[in-house]
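Fold and contact review
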Amino acid sequence: MSETEQDYENTKYVCPKCKGEAKIRTGYDTAIVCPQCGDSRIVLSFSTNGDMETVVEGTGEYYEIEPTVRQALDALEKAKASDKTGIDKQLEIFTATNNLATEYNNTGREVKAENLANDVLITIRSMFERGEVQAEVYCDQVSMCAAFASARGDYDGAQKVYDSALIDLYDCKDVNVASLKVKRGLLWSKKDADSAETHLLDAIELIKDIDSSEFPDPYMRAIAYDTLRGIYNKKAEPEKMEEYLSKAIDERKDLLSKNPNTPAYKVAELVDSMGYYAELLSKGGDDNLAEMILDEAKELAEKADCKEGVAYAVMNRAGYLQSKRKDLPEDFLDQMNFVTEALEAAPGKDKRLKETLSQAYMFKSMQRDPEDYENLLSDIGRAYDLLLELAYQGDVNEMFLMSTARSYLVLLNMKHPEKAKKVRQELGEIGISQKNLDESSRSSIGNSGKKTRVNLNKTPEKPLPGRRLKKQIKKKSE
């Protein structure tokens, strides 16, 4: 019996007809089995807002079958029946309602979840205005509602949630208000940089004398610094950009030194920031300091025993050597083997990780003997697969994808023409033709190093997936 089946087996169900104790049957269909009334089939239905609901066949009566949601519903009923009174009881009901919203969201009822959270927000806002709840309670609910809106792509709606609350909280000098300002600034940093900058600077001023251990998120100040760095970069204010990049790195280093159990992705973020800083210094001619920062990043990741962080540090060094056209170390293939093993083992693979991993595989291929066909094919094929995943999500570096795809097709055409045909079909689905590939930069295969010039003035026949396209192009067929 699977864990899911055990969850259903251990959950108490009632008969929708007589309300007596019943069991659930799952498999080719789902039914509530009552010793008195027999089977009541449970089927999927869709509410007017588009959410899925489970209902009793024939009556259309809502019947919840998900164990976690049933537990949350029971908890809400207990909160309502609690002996507590006044604000204490109301807060208990709010907590139970939010837990129910979370479980609805986790089981595909996103709109139902958001509506529940918004209803709670309306009540909490009124209570805050009457002085019945603290700013922390109000801010937590605002964050939850804004997160739901953002998750379905309604960034305008999320902004309105933040802005409405920040008007109410204008005179409140509280760390939780600062947290809202950081989230608001982060959300809107690309569309309205000036407004985002104002909120972020306000937040930093509010928390300037507060230890990060007291923040809702210890990395709140680092996130504010990082976001400001991005804003000033887009505004072409290099001095301010470098100032906040440096502050973000120092803040992350301090947090790492205080917490030996820092999550791997946070270590990787620090290493990534240091790699970016080293790149800036190198472009400015300060290679000595750039190399010192690259070395320090690797040492910090090693000290934290974070293989993922070390992998990013190794890749940052490899990128630096490549940009400076310096000789690669003799053990470079071993280094790339370490990187691919570490990043393949990472529990979650976001865009940044997939791009880095694909680059590592391409670096590996460049170290192979040109006659080592199988390993070349494996390395470049894995790089292609990773980039294709990003292409289907509509967020890929198109030149890197085309360069990798062309190298892959050259190899496939040698021994696997049918697979090559399939790859060309995949690329065609996202608007990349063979002609596009021929006009793109040719990446190195083995040690050949051959390249062609890219005609930057020529418009491709079909639109190519952009570096930062957000809409999904086409789902990959199973």
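As a reminder, the structure under discussion sits directly above these lines.
Residues numbered from 1 in each chain as written. Predicted model: local features only at pLDDT ≥ 70, side-chain atom pairs only at ≥ 80, totals over all residues. Heavy atoms only, no water.

**Quick look at the sheet that holds strand E3 (residues 30-34)**
Which entries qualify depends on this criterion: One bridge is not enough; two strands pair if DSSP finds at least two bridges between them. Where helices and strands are cited, they refer to DSSP runs of H or I of at least four residues and of E of at least two residues respectively, numbered from the N terminus.
The sheet built from 5 strands is open, its strands ordered E1-E2-E3-E4-E5 with antiparallel pairing. Two strands in the sheet have a free side with no partner beyond their single neighbour: strand E1 (13-14) and strand E5 (52-56). The pairing of strand E4 (residues 38-46) with E5 spans 5 bridges and is classified as antiparallel. Considered in E5, the bridge of Ile-42 is made with Val-56.

**Some remarks on helix H12 (residues 287-303)**
Rules: What a helix should span is 1.5 Å times the count of its residues minus one. Exposure categories follow from relative accessible area, calculated using a 1.4 Å probe and restricted to protein chains: below 20% of the type maximum is buried, above 50% is exposed, and the middle band is partly exposed. By construction, the arc corresponds to the directions joining the helix axis to the C-beta atoms. The contact definition used throughout considers only heavy atoms, calling two residues in contact when any of these lie within 4.5 Å.
The end-to-end C-alpha distance of H12, which contains 17 residues, comes to 24 Å, matching closely the 24 Å that a straight helix rising 1.5 Å per residue would cover. Three or more residues of H12 are buried, namely Ala-290, Ile-293, Leu-294, Ala-297 and Ala-301. Seen end-on, H12 carries its buried residues on one side only, within an arc spanning 100°. Across from the buried face of H12, at angles greater than 90 degrees, the exposed residues are Asn-288, Met-292, Glu-299 and Lys-303. Those residues of H12 that are buried lie in contact with helix H11 (264-283) and helix H13 (307-323). Positive phi appears at Asp-305, one or two residues downstream of H12, with a value of about 55°.

**Brief notes about unusual backbone geometry**
With phi around 65°, Lys-19 is a residue other than glycine that occupies positive phi space. Here Lys-19 shows up in the loop between E1 and strand E2 (21-25). Given the relative accessible area of 52%, Lys-19 is considered exposed. For Arg-325, which is not a glycine, the phi torsion comes out positive at approximately 55°. Checked against the element boundaries, Arg-325 lands in the loop between H13 and helix H14 (332-344).

**So, a nonpolar patch on the surface**
For the record, the criterion: Each patch is built from residues lacking any salt bridge and having more than 30% relative accessible area; the joining distance is 9 Å for like charges and 5 Å for nonpolar side chains (Val, Leu, Ile, Met, Phe, Trp, Tyr). Calculation of accessible area relied on Shrake-Rupley with a 1.4 Å probe; when residues are assessed, cover is drawn exclusively from the protein chains displayed. In what follows, salt bridge is the name for a side-chain nitrogen of Lys or Arg lying within 4 Å of a carboxyl oxygen of Asp or Glu.
On the surface, Leu-44, Phe-46 and Met-52 cluster together into a nonpolar patch covering about 320 Å² of accessible area. Structurally, Leu-44 is set in strand E4. Under the relative-accessibility criterion, Leu-44 is labelled exposed at 55%.

**Some words on the packing of H14 against helix H15 (residues 351-367)**
Note the following rule: The convention used is that axes are lines fitted to C-alpha atoms, helices contributing only their stretch in contact, and that angles between N-to-C directions extend from 0 to 180 degrees. If an angle is under 35 degrees, it is roughly parallel; if it is over 145, roughly antiparallel; if it lies from 65 to 115, roughly perpendicular; otherwise it is oblique. Take the far helix as the reference: if the near one is turned anticlockwise from it by less than a right angle, the crossing is left-handed, and if turned clockwise, right-handed. Throughout this entry, Asp, Glu, Lys and Arg are counted as charged residues, while Ala, Val, Leu, Ile, Met, Phe, Trp, Tyr, Cys and Pro are counted as nonpolar. The remaining residues, Gly among them, count as polar.
Following both chains from N to C, one finds H14 and H15 inclined at 150°, their axes separated by 9 Å at the closest point. Viewed along their axes, H14 and H15 adopt a mutual orientation that is roughly antiparallel. Note that H14 runs across H15; the crossing there is left-handed. Counted together, Phe-332, Leu-333, Met-336, Asn-337, Val-339, Thr-340, Leu-343 and Glu-344 of H14 and Leu-353, Thr-356, Leu-357, Ala-360, Tyr-361, Phe-363, Lys-364 and Gln-367 of H15 form the full contact between these two elements. Looking at the contact of H14 with H15 residue by residue, the classes come out as 10 nonpolar, 4 polar and 2 charged.

**Details of helix H7 (residues 175-187)**
Filter applied, for reference: Polar contact is the term for a pair of N or O atoms within 3.5 Å; when the atoms are in protein, one must be able to donate a hydrogen and the other to accept it, and sequence-neighboring residues count only if both atoms are side-chain atoms.
In this model, H7 (13 residues) spans 18 Å end to end at C-alpha, consistent with the 18 Å of a helix rising 1.5 Å per residue. Three or more residues of H7 are buried, namely Val-175, Asn-176, Val-177, Ala-178, Ser-179, Leu-180, Lys-181, Val-182, Arg-184 and Gly-185. Buried residues belonging to H7 abut helix H5 (135-151), helix H6 (155-168), helix H8 (193-206) and helix H9 (220-234). With a side-chain oxygen lying 2.6 Å from the backbone nitrogen of Asn-176, the N-terminal cap of H7 falls on Asp-174.

**Notes on the pattern of salt bridges**
The tally for this structure, following the rule as stated, stands at 41 salt bridges. Arg-41 is the partner of Asp-29 in a salt bridge, and the nearest nitrogen-oxygen pair spans 3.5 Å. In this pair, Asp-29 sits in the loop between E2 and E3 while Arg-41 sits in strand E4, placing the two residues 12 residues apart along the sequence. Owing to a relative accessible area of 9%, Asp-29 belongs among the buried residues under this scheme. For Asp-226, the salt bridge is made with Arg-252, and the minimal N-O distance between the two is 2.7 Å. Placement of Asp-226 in helix H9 and of Arg-252 in helix H10 (residues 238-258) is noted, with a sequence separation of 26 residues between them. What makes Arg-252 buried here is its relative accessible area of 5%. When salt bridges that share partners are traced, they join Arg-25, Asp-29, Asp-39, Arg-41 and Glu-57 into one network.

**Here we look at the packing of aromatic side chains**
Which entries qualify depends on this criterion: Each Phe, Tyr or Trp ring, with Trp reduced to its six-membered ring, pairs with another whose centre is within 6.5 Å; inter-plane angles below 30 degrees give stacked pairs, above 60 give edge-to-face pairs, and intermediate values give tilted ones.
A complete count under the given rule lists 5 aromatic pairs for this structure. A centroid spacing of 5.1 Å and a plane angle of 40° characterise the contact between Phe-128 and Tyr-138, whose relative ring orientation is tilted. With a gap of 10 residues between them, Phe-128 in helix H4 (residues 110-129) and Tyr-138 in helix H5 connect regions that are remote in the sequence. Between the aromatic rings of Tyr-225 and Tyr-244, the centroid separation amounts to 5.9 Å while the plane-to-plane angle is 45°, which identifies the pairing as tilted.

**Considering the environment of Lys-234**
Secondary-structure assignment places Lys-234 in helix H9. Assessed through its relative accessible area of 61%, Lys-234 is described here as exposed. Separated by 53 residues in the primary sequence, Lys-234 and Lys-181 have C-alpha atoms spaced 20 Å apart.

**Section: the side chain of Lys-354**
Inspection of the secondary structure assignment puts Lys-354 in helix H15. For Lys-354, the side chain forms a polar contact with the side chain of Glu-389, separated by 2.9 Å.

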